[in-house]
Amino acid sequence: MKKITVSKAIGEALHEEMLRDKNVFIMGEDMAVMGNVFAITKGFLEEFGPNRVIDTPISEEGFVGMAVGAAMRGLRPVVELMYDDFATECADPLFNQAAKIRYMTGGQCNVPMVLRAPMGAGRRNAGQHSQSLENFFCHFPGLKVVAPCSAADAKGLLKTAIRDDDPVIFLEHKLLYAKKEEIPEEEYTIPLGQAAVKREGKDISIITWSREVNFSLEAAAKLAQEGIEAEVLDLRTL
């Protein structure tokens, strides 16, 4: 085991999948030269070159549309919105195209893309940069929505999402990025669609996801002092 931050775990997942599969490429605002506003892709441009690490204009509709087209042609784009709030800017290519193409073509065409998006409040990023829109994404059939709470889950789930043949929305709470946790040193993946029991309990179940898992565990510990054993279930895939 090794101890790394959640942001480093996400970076490792991207790096390992780009080494494993030449069809994987990343794109988004400030992803290349700057190395991501959270330093997740720092050094990627030098290692993989500008054809696989792409800085985009500030046009979410344009570069998400490009990712959908690239995925339909057999590539595996991992595209980042700087904040999940900007999903409304790329609503048509994401909700009307990526989510529906497999169904509308009778399975003849897949869209194997991942849309990464930092979410959540607490960093004074103002109202247009601080929302948690996971319930919004969940209302569109055809999209898989993932919201991990730990470094180990973030890495294992992101690797699986990149290998998935359907579009995956991968939501990362900004206040989890700096959290350090132990993860396996060997390669591993975590299946989509499987929740994780973070704490056993027989009296009540707290069902949660993302950063709220930490608060739920704190609440469960307080309940235990009163003789109430609470189970904490982390959905992970929503």
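Here we summarise the structure given alongside this text. Just so we're clear, the structure is a prediction, and the values are computed from it rather than from any experiment.

The next point concerns helix 3 (residues 60-72). With 13 residues, helix 3 extends 18 Å between its outermost C-alpha atoms, agreeing within 8% with the 18 Å of an ideal straight helix rising 1.5 Å per residue. For helix 3, the complete set of buried residues consists of Glu60, Phe63, Val64, Ala67, Val68, Ala70 and Ala71. Seen end-on, helix 3 carries its buried residues on one side only, within an arc spanning 165 degrees. Looking at the buried residues of helix 3, the elements they touch are strand 2 (24-28), strand 4 (76-80), helix 4 (91-98), helix 5 (101-104) and strand 5 (114-119). Once helix 3 finishes, Gly74 follows within two positions and takes phi at roughly 105 degrees, a positive value.

Our focus in this paragraph is helix 1 (residues 6-20). Taking 1.5 Å of rise per residue, 15 residues should cover 21 Å, and helix 1 covers 21 Å from first to last C-alpha, within 8% of that figure. Looking at helix 1, one finds that the buried residues are Val6, Ser7, Ala9, Ile10, Gly11, Glu12, Ala13, Leu14, Glu17 and Met18.

Turning our attention to the state of the cysteines. Using the criterion set out here, one finds zero disulfides in the structure. Not part of a disulfide, Cys90 finds its nearest cysteine sulfur in Cys138, a span of 16 Å. Using a relative accessible area of 0% as the deciding quantity, one classes Cys90 as buried. We note that Cys149 lacks a disulfide partner, and the nearest cysteine sulfur, in Cys138, lies 16 Å from it.

What counts, and at which threshold
- Starting from 1, residues in each chain are numbered consecutively following that chain's sequence as written.
- In view of the model being predicted, local features appear only for residues whose pLDDT reaches at least 70, and side-chain atom pairs are presented and counted only at 80 or more, with totals across whole chains, interfaces and linings using the full set of residues.
- Hydrogens and water molecules were not included; the side-chain quantities draw on all heavy atoms of the structure.
- Helix numbering and strand numbering both begin at the N terminus, where a helix is a DSSP run of H or I of at least 4 residues and a strand a DSSP run of E of at least 2.
- Helix span, expected: 1.5 Å multiplied by one less than the number of residues in the helix.
- Burial classification: accessible surface area is computed with a 1.4 Å probe over protein chains only, and a residue below 20% of its type maximum counts as buried, one above 50% as exposed, and the rest as partly exposed.
- This arc corresponds to the set of directions leading from the helix axis out to the C-beta atoms.
- Note on definitions: a residue-residue contact is assigned when non-hydrogen atoms from the two residues lie within 4.5 Å.
- Pairs of cysteine sulfur atoms within 2.5 Å are what we label disulfides.

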